[in-house]
Amino acid sequence: MTGTLRCALALARSGRMRLLVWPLAMAALAVMTAVSIDEFYAEPASRAAYAAALEMADVMTALGGASGGLAQLGGMIANELAIMVLPAVAIAGVMLAVASTRAEEDAGRTELVTARPVAHRAPLLGAFGPVTASLLLLAALVVGAMTLVGVPLIGAEDGIAGPADGGALSYGMALAAYGLLFSGVGFVVAELARDARSARMTGLAVVALAYLVRVGVNGAGRGVTAGDDAVGLSWITPVGWFDAVAPFAHMRWAPLLVLAAAALGLHLLAVVLRGRRDLGAGLIAARPGPVSAPRRLGTALGLAWRLARGSLLGWLLGVVALAALMGSQLPAWIGALQQSEAMLKLMGMEADASAVTNMTIAFSALLAASAGIGRIGALAEDEDSERLALTLSRPVGRVRLWSASVGVALVGAAGILAAAGIVYAATGWGALQGDAGKLDAFSVPDTILATAVLLAPTLLLVALAAAWTGATRRSPWPAWALLGASAAILFLGPGLDLPDALIDTAPLSAVGTVPVDDPVWGAVALEAVLAAAAVVLGALRFARRDVP
């Protein structure tokens, strides 16, 4: 169509940062994971212990699937990547698709482009190219990370049984098709929703639903099984389709073809939907608001809470569900850790409840910080779309509005982490009743202490995002980068033998491995002070700069 190539080149240039950041970040995580696994599970005995440990922890099967192939290095790496990389790839697909279409439309750039002799569907078709290239690059880099540590590109490792047509290349093909499927979801919801924010929320809700179904199916033992060629109920969720491919155990081509066909179908559906809506409108019309607003919305705090409550509630439900799952499976976790010395060394911890507590609360802190940073990003979007300027045209002070928005983000993040700590403590204590040996190693006060200590780095990450956006009016991408680096250092740093000085620079690691070790109260105090200073700095800079 007329103008498609020019639209694609323009998007590739203007969105080059986001198109490159996702593949590079996933590649870095894949390399760190592959190197760690290769170092600690080089011998067949250690791999057998790893497989036995996973069989004892139902929560690992629920979260990471059970596609098998754990006798091979590639299967072990794929199993570890299933917990963090697969959700990230799905999120990347949705976010890249929405950012390349509806966000461009909301910013007015699509209207400028279509003022020229450009076909109505050209901006959408032009977005397909850069987004597809980004996801293919992501898959290629993950494959490269696997082959870097000796995973065969095609086939099984020497002397180990495995499918002749499996291997790293087949895994990469499945990962690419999986990412393209969720980018198709993003393109479709971008046509349905009334704006980019609604499209993102809807797309992420689809991702969350797909994973919740997968967790339920695998947790009930009705999903992919490692010992035979059955896929069970995995067909009811796209994440299960990826699990069913099992490139290191069975290499099923049918689920891979289903992933590819679904991805193609969703892209074609987006093209059809684009022809049925006007520029700037969604196929699903926005509901008309009430004639008059409640009194509470006349305040800066009331408005900030009204805008944030939906996303914060979604994060709260997800994090609390994860905490409940981890707590209810605490006995299995402890047994799994006791089965695998290498797994313990990888985590740098001992085989008791304190290790699981630290892992759960730290992961909850990362998710809580993500919720807070997301709210700061929404504030930046409001400014770019001039909604913030419209609000400031009313008799409301800048500092008051800023403080309310940032305050809701900070309190929301703190509340999510606190709720996760309480739920984990309650479910963990209940799960260990009747097992005196394991119950003695679990302490509810220690769990609450760990939650309180990790509040400091959680709030620091959100505060740094606020400082950046307040000073520059840009999206808080440095806070996202710091959060990702902190997660990698926290979970993979000990296994990679990173220098202690580097590990201590990460906000979540600097406060100590609580409750495994005592808190580093000096670091906790320093991070609390830095968080307060960052909030004040962001407010002062916001009060003095121009708001477009």
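Check the entry above for the structure.
By convention here, each chain's residues receive numbers from 1 onward along its written sequence. This being a predicted model, a pLDDT of at least 70 is required before a residue's local features are given, and a value of 80 or more before pairs of side-chain atoms are given or counted; all residues contribute to the totals for chains, interfaces and linings. In computing side-chain values, all of the structure's heavy atoms are included and hydrogens and water are not.

1. Considering the overall build of the chain
- Summing up its helical and strand segments, the chain has 24 helices and zero strands in all.
- Throughout, exposure labels follow a simple rule: accessible area from a 1.4 Å probe, protein chains only, divided by the maximum for the residue type, with under 20% read as buried, over 50% as exposed, and the rest as partly exposed. For the chain, the proportion of its 548 residues judged to be buried stands at 50%.
- Any two residues whose heavy atoms approach within 4.5 Å at even a single point are treated as in contact. Counted over contacts in the chain with a minimum sequence separation of 6, partners at least 24 positions apart contribute 77%.
- Every accessible area reported is derived by Shrake-Rupley at a probe size of 1.4 Å, with residue values counting cover from the shown protein chains alone. Roughly 23500 Å² of accessible area belongs to the chain as shown, and the carbon and sulfur atoms make up 66% of that amount. Per the convention used, a helix needs a DSSP run of H or I reaching at least four residues, while a strand needs a run of E reaching at least two, with both numbered from the N terminus.

2. Details of helix α13 (residues 300-328)
- Every helix has an expected span of 1.5 Å times one less than the residues it contains. Compared with an ideal rise of 1.5 Å per residue, which puts 29 residues at 42 Å, α13 spans 40 Å between its outermost C-alpha atoms and is within 8% of the ideal.
- Residues of α13 that are buried include every one of A300, G302, A304, A308, S311, L312, V319, L322, A323, M326 and G327, and no others.

3. A closer look at the packing of aromatic side chains
- By convention, a stacked pair of Phe, Tyr or Trp rings (six-membered ring in the case of Trp) has centres within 6.5 Å and planes under 30 degrees apart, an edge-to-face pair has planes over 60 apart, and any other such pair is tilted. Scanning all chains against the criterion turns up seven aromatic pairs.
- Here the aromatic rings of Y171 and F248 are separated by 6.3 Å at their centres, their planes lie at 40°, and the arrangement is tilted. Of this pair, Y171 sits in helix α9 (residues 168-192) while F248 sits in the loop between α11 (238-245) and α12 (253-274), and the two are 77 residues apart along the sequence.
- Exposure remark for F248: the relative accessible area of 5% places this residue in the buried category.
- Here Y178 and F242 contribute two aromatic rings whose centre-to-centre distance is 5.3 Å and whose plane-to-plane angle is 55°, an arrangement assigned as tilted. Here the residue Y178 occupies a position in helix α9, and F242 occupies one in helix α11, the gap between them amounting to 64 residues. As far as the burial class goes, Y178 and F242 line up, both buried.
- Among the aromatic side chains, those forming a connected cluster through ring pairs are Y171, Y178, F182, F242 and F248.
- In our convention, an over-ring charge means Lys NZ or Arg CZ found within 6 Å of a ring centre and within 35 degrees of that ring's normal. The aromatic ring of F542 is capped on one face by R398, whose charged end is 5.8 Å from the ring centroid.

4. A look at a positive patch on the surface
- Patches here are clusters of residues that have more than 30% relative accessible area and form no salt bridge, with a 9 Å joining cutoff for like charges and a 5 Å cutoff for nonpolar side chains (Val, Leu, Ile, Met, Phe, Trp, Tyr). Here, a salt bridge means any side-chain nitrogen of Lys or Arg that lies within 4 Å of a carboxyl oxygen of Asp or Glu. When charges are counted, Lys and Arg contribute as positive and Asp and Glu as negative, whereas His and the chain ends are disregarded. Charge coordinates come from a single atom per side chain, which is NZ of Lys, CZ of Arg, CG of Asp or CD of Glu. Judged by side-chain charge, R287, R296, R306 and R309 come together as a positively charged surface patch.
- Tracing the backbone through its elements, the reader meets R306 in helix α13.
- Judged by its relative accessible area of 39%, R306 falls in the partly exposed class.

5. Observations regarding the environment of A12
- Positionally, A12 belongs in helix α1 (residues 4-14).
- Residue classification places A12 among the partly exposed positions, given a relative accessible area of 31%.
- Placed 119 residues apart in sequence, A12 and V131 show a C-alpha to C-alpha distance of 8.6 Å.
- Ignoring sequence-local partners within four residues, the contact set of A12 consists of L19 and P130.

6. A look at empty space enclosed by the protein
- Method remark: on a 1 Å grid restricted to protein atoms, a set of points is classed as a cavity if a 1.4 Å probe fits but cannot get out and as a pocket if it is open with protein on both sides within 12 Å along at least five of seven lines; lining residues have an atom within 4 Å of a point. Grid points are joined across faces, edges and corners, and a volume is the space filled by probe spheres set on the points. Per the stated rule, a full pass over the model turns up two cavities of 30 Å³ or more.
- Volume-wise, the second largest cavity comes out at about 40 Å³.
- Lining the second largest cavity are T110, T114, H120, P123, R274, R277, D278 and L279.
- A class-by-class count of the residues in the lining of the second largest cavity yields two nonpolar, three polar and three charged. Note that Gly is not counted as nonpolar here; it falls among the polar residues with everything else outside the nonpolar set of Ala, Val, Leu, Ile, Met, Phe, Trp, Tyr, Cys and Pro and the charged set of Asp, Glu, Lys and Arg.

7. Considerations on the nonpolar core
- Nine residue types can take part in a nonpolar core, namely buried Ala, Val, Leu, Ile, Met, Phe, Trp, Tyr and Cys, and a core is a set of them joined through side-chain atoms within 4.5 Å. In terms of nonpolar packing, the biggest core is built from 75 residues, with I77, M146, Y171, L175, Y178 and F182 touching the most fellow members.
- Looking at this core element by element, the count peaks at 15 residues for helix α5 (residues 73-100).
- The residues touching F182, leaving out its near neighbours within four places in the chain, are A90, G93, V94, V207, A210 and P238.

8. Some remarks on unusual backbone geometry
- With an omega of 5°, the peptide bond running from V514 to P515 counts as cis.
- Here P515 lies in the loop between α23 (507-510) and α24 (521-544).
- Look at M251: it is not a glycine, yet its phi comes out positive at around 50°.
- Along the chain, M251 falls in the loop between α11 and α12.

9. Points about the packing of helix α8 (residues 122-148) against α9
- What counts as an axis is a line fitted to C-alpha atoms, over the stretch in contact for a helix, and the angles between N-to-C directions run from 0 to 180 degrees. The geometry of α8 relative to α9 is characterised by a closest axis approach of 9 Å and an angle of 150° between their N-to-C directions. Between α8 and α9, the interaxial angle falls into the category roughly antiparallel. The handedness of the crossing between α8 and α9 is right-handed.
- Partitioned by chemical class, the residues of the contact of α8 with α9 number 18 nonpolar, five polar and one charged. Roughly parallel covers angles under 35 degrees, roughly antiparallel covers those over 145, roughly perpendicular covers 65 to 115, and oblique covers all other angles. The handedness criterion is simple: a crossing whose near helix is rotated anticlockwise from the far helix by less than a right angle is left-handed, and one whose near helix is rotated clockwise is right-handed.

10. Notes on a nonpolar patch on the surface
- There is a patch of nonpolar side chains on the surface, built from L153, I154, L169, M173, W253 and L257 and spanning about 570 Å² of accessible area.
- If you list the elements that add at least two residues to the nonpolar patch, you get α9 and α12.
- Along the chain, W253 turns up in helix α12.

11. Description of the side chain of S183
- By the element assignment, S183 lies in helix α9.
- Classification of S183 as buried rests on a relative accessible area of 0%.
- In the analysis that follows, any N or O atom pair within 3.5 Å is treated as a polar contact, provided that within protein one partner can donate a hydrogen and the other can accept it, and provided that, for residues neighboring in sequence, both atoms belong to side chains. For S183, the side chain forms a polar contact with the side chain of H267, separated by 3.5 Å.
- If sequence neighbours within four positions are ignored, S183 has contacts with G93, V94, A97, V131, L135 and H267.

12. Points about the pattern of salt bridges
- Counted under the stated rule, the structure contains 17 salt bridges.
- With a shortest N-O distance of 3.8 Å, E105 and R102 are connected by a salt bridge. Within this pair, E105 and its partner R102 are both found in helix α6 (residues 102-106), separated by three residues, close to a single helical turn.
- Residues joined in a network through salt bridges with shared partners are R102, E105, D106, E191, R274 and R277.

13. Quick word on the side chain of T447
- Mapped onto the elements, T447 comes out in helix α20 (residues 444-472).
- For T447, the side chain forms a polar contact with the main-chain oxygen of S443, separated by 3.0 Å.
- The contacts of T447, once residues within four sequence positions are left out, are T357, I361, G421, Y424, A425 and F442.

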